[in-house]
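Read off the chains here:
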Amino acid sequence: MKHLLKLFSIIYSTFIFVPLAILVSTIIFILIIIMTPIAGESKWGYYPGRVLGRIMCTLALTRVKIIGNENIDPNQSYIFVANHQSMFDIFLVYGYLNAKFKWIMKQEIRKTPLLGKACESMGHIFVDRSNPMRAQKSLQEAQERLLQGHNSIFLFPEGTRSATGKVGRFKRGAFTIARDLHFPIIPVSISGANNVLPKGGWHITPGTITMTIHQPIDTTNLNDENLNETIDQVKNIVESALKT
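Residues numbered from 1 in each chain as written. Predicted model: local features only at pLDDT ≥ 70, side-chain atom pairs only at ≥ 80, totals over all residues. Heavy atoms only, no water.

**Student:** Account for a nonpolar patch on the surface, naming residues and giving values.
**Tutor:** Among the surface-exposed residues, L7, I11, F15, I16, L20, L23, I27 and L31 lie close enough to one another that they form a single nonpolar patch of about 730 Å² accessible area. By the secondary structure assignment, I27 is in helix α1 (residues 2-39). (Patch = residues over 30% accessible without salt bridge, like charges linked within 9 Å, V, L, I, M, F, W, Y side chains within 5 Å. Areas by Shrake-Rupley, 256 points an atom, 1.4 Å probe, with all protein chains shown as cover. Salt bridge = Lys/Arg side-chain N within 4 Å of Asp/Glu carboxyl O. Helix = DSSP H or I, 4+ residues; strand = E, 2+ residues; numbered from the N terminus.)

Here it is, written out as structure tokens:
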């Protein structure tokens with residue numbers, strides 16, 4: 001039975017999922033690039049990505065389970081931090097997180113045809129991880145966007161996808177923003193995405209992806225002395241929903 005499921009997955013991915021995913025993504029990226037300067041970032045910088053995320057999860061024959069969307073106040077800016085298992089994390093968050101936000105993403109994505117330009121048009125923030133000064137400038141840009149009061153930001157503090165599904169070390173960037181601005185941190189746990197499309201994989205396996213949105217963590221008293229303690233606290237919360 002496992003061999004038959006794998007064969008179905010390979011055939012479906014090759015002849016249905018990948019061609020349709022490329023077609024849908026291309027259409028939406030082009031629409032974003034054209035329409036954002038005309039209709040504004042507030043609409044075209046968010047909703048097309050939401051549509052794309054839901055379409056991709058549907059095309060992958062993936063069941064999505066969301067826990068905790070009620071923990072998000074639409075009138076509050078947050079710093080969302082999540083574990084990173086798969087490329088499908090992005091589709092899941094875009095499609096089903098009940099908040100307007102900007103990604104903080106690696107600089108290399110800017111070079112990807114259409115995707116890079118679309119992300120730039122949507123106002124997402126690129127981080128050059130090879131250059132500490134440029135990386136710091138990107139984090140300052142993220143702070144300025146948060147201070148405008150229109151968006152939250154979303155980060156994968158591990159910096160890359162986990163090859164095993166286990167949560168790696170959290171980098172400090174998201175937490176220094178929280179330290180400086182005292183905006184609430186919302187931990188997000190994503191489980192099952194690595195089974196649908198693991199790091200390095202090329203064909204999807206239908207399954208269930210669960211996103212757990214935890215209660216906000218107050219950062220009013222966050223400072224240099226308790227920063228590492230807060231990082232550990234958030235990491236433990238993220239991991240707590242992955243053990244069940």
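**Student:** Tell me about the pattern of salt bridges, and please be specific about residues and values.
**Tutor:** Here the structure, examined in full by the defined rule, presents five salt bridges. Here R179 ties to D180 by a salt bridge, and the two come within 3.0 Å at their closest N and O atoms. Residue class for R179 comes out partly exposed when judged on its relative accessible area of 22%. As a salt-bridge pair, D224 and R179 come within 2.8 Å of each other at their nearest N and O atoms. (Buried < 20%, exposed > 50% of the residue type's maximum accessible area, 1.4 Å probe, protein only.)

**Student:** Account for the sheet that holds strand β6 (residues 185-191), with residues named and values stated.
**Tutor:** Strand order across the open sheet formed by seven strands is β1-β7-β6-β2-β5-β3-β4, with mixed pairing between neighbours. Of all strands in the sheet, those with a lone pairing partner are β1 (63-67) and β4 (125-127), marking the two edges. Taking the axes of each pair of neighbouring strands and ignoring which way they run, one obtains an average angle of 20 degrees across the sheet. Here strand β3 (residues 101-106) runs beside β4; their pairing, made up of three bridges, is parallel. Note on β4: the bridge partner recorded for I104 is I125. On the sheet, helix α7 (residues 173-181) packs against β2 (79-82), β3, β5 (152-155) and β6 and is oriented at approximately 155 degrees with respect to β2. Helix α9 (residues 227-240) rests against β2 and β6 of the sheet, and its axis sits at about 35 degrees to β6. (Pairing = 2+ DSSP bridges. Axes fitted to C-alpha atoms, helices over the stretch in contact; angles between N-to-C directions. Contact = heavy atoms within 4.5 Å.)

**Student:** Break down α7 for me, with residues and values.
**Tutor:** For α7, the complete set of buried residues consists of A174, F175, T176, I177, A178 and L181. Along its buried surface, α7 packs onto β2, β3, α6 (132-147), β5, β6 and α9. Just past α7, the residue H182 takes up positive phi, approximately 60 degrees.

**Student:** Lay out the packing of aromatic side chains with the relevant residues and their values.
**Tutor:** According to the stated counting rule, one finds 14 aromatic pairs in the structure shown. Relative to F91, the ring of F88 has its centre 5.2 Å away and its plane inclined at 80 degrees; by these criteria the two rings are edge-to-face. Placement of both F88 and F91 in helix α4 (residues 88-96) is noted, with a separation of three residues, approximately one turn of the helix. Like F88, the residue F91 is buried in the burial classification. The structure contains a cluster of three or more aromatic residues connected by ring pairs, namely Y78, F80, Y94, F101, W103, F154 and F156. (Phe/Tyr/Trp six-rings, centres within 6.5 Å; stacked < 30°, edge-to-face > 60°.)

**Student:** Outline the nonpolar core, listing residues and values.
**Tutor:** Across soluble globular proteins, nonpolar side chains have a tendency to be buried as a group. In this structure, F80, F88, L97, F154, I190 and M211 are the most contacted members of the largest nonpolar core, which totals 45 residues. Take this core: its biggest share by element is seven residues, from α1. With near-sequence residues (within four places) excluded, F88 lies in contact with F17, M56, C57, A60, A193, V196, L197, I204 and I209. V81, V127, A142 and V234 belong to the second largest nonpolar core, which has 26 residues in total. (Core = buried A, V, L, I, M, F, W, Y, C linked by side-chain atoms within 4.5 Å.)

**Student:** How would you explain the packing of α6 against α7 if you had to name every residue and give the values?
**Tutor:** The geometry of a pair of packed helices is captured by two quantities: the angle between their axes and the separation between those axes. Where α6 meets α7, the axes come as close as 10 Å, and the angle between the chain directions of the two elements is 45 degrees. With respect to their mutual orientation, α6 and α7 come out oblique. Where α6 crosses over α7, the handedness of that crossing is right-handed. Here L139, A142, Q143, L146 and L147 of α6 come into contact with α7, specifically with G173, T176, I177, D180 and L181. For the contact of α6 with α7, a count of residues per class yields six nonpolar, three polar and one charged. (Parallel < 35°, antiparallel > 145°, perpendicular 65-115°, else oblique. Left-handed = near helix turned anticlockwise from the far one by under 90°. Nonpolar A, V, L, I, M, F, W, Y, C, P; charged D, E, K, R; others polar.)

**Student:** Account for the packing of helix α3 (residues 47-59) against α4, naming residues and giving values.
**Tutor:** Packing of α3 against α4 brings their axes to within 7 Å, and their N-to-C directions diverge by 125 degrees. Between α3 and α4, the angle is such that the two are oblique. Between α3 and α4 lies a crossing of left-handed hand. Together, G49, R50, G53, R54, M56 and C57 of α3 and F88, F91, L92, Y94, G95 and Y96 of α4 make up the contact between the two elements. Considered class by class, the residues forming the contact of α3 with α4 number seven nonpolar, three polar and two charged.

Remember that the coordinates give geometry; whether it matters functionally is a separate question.
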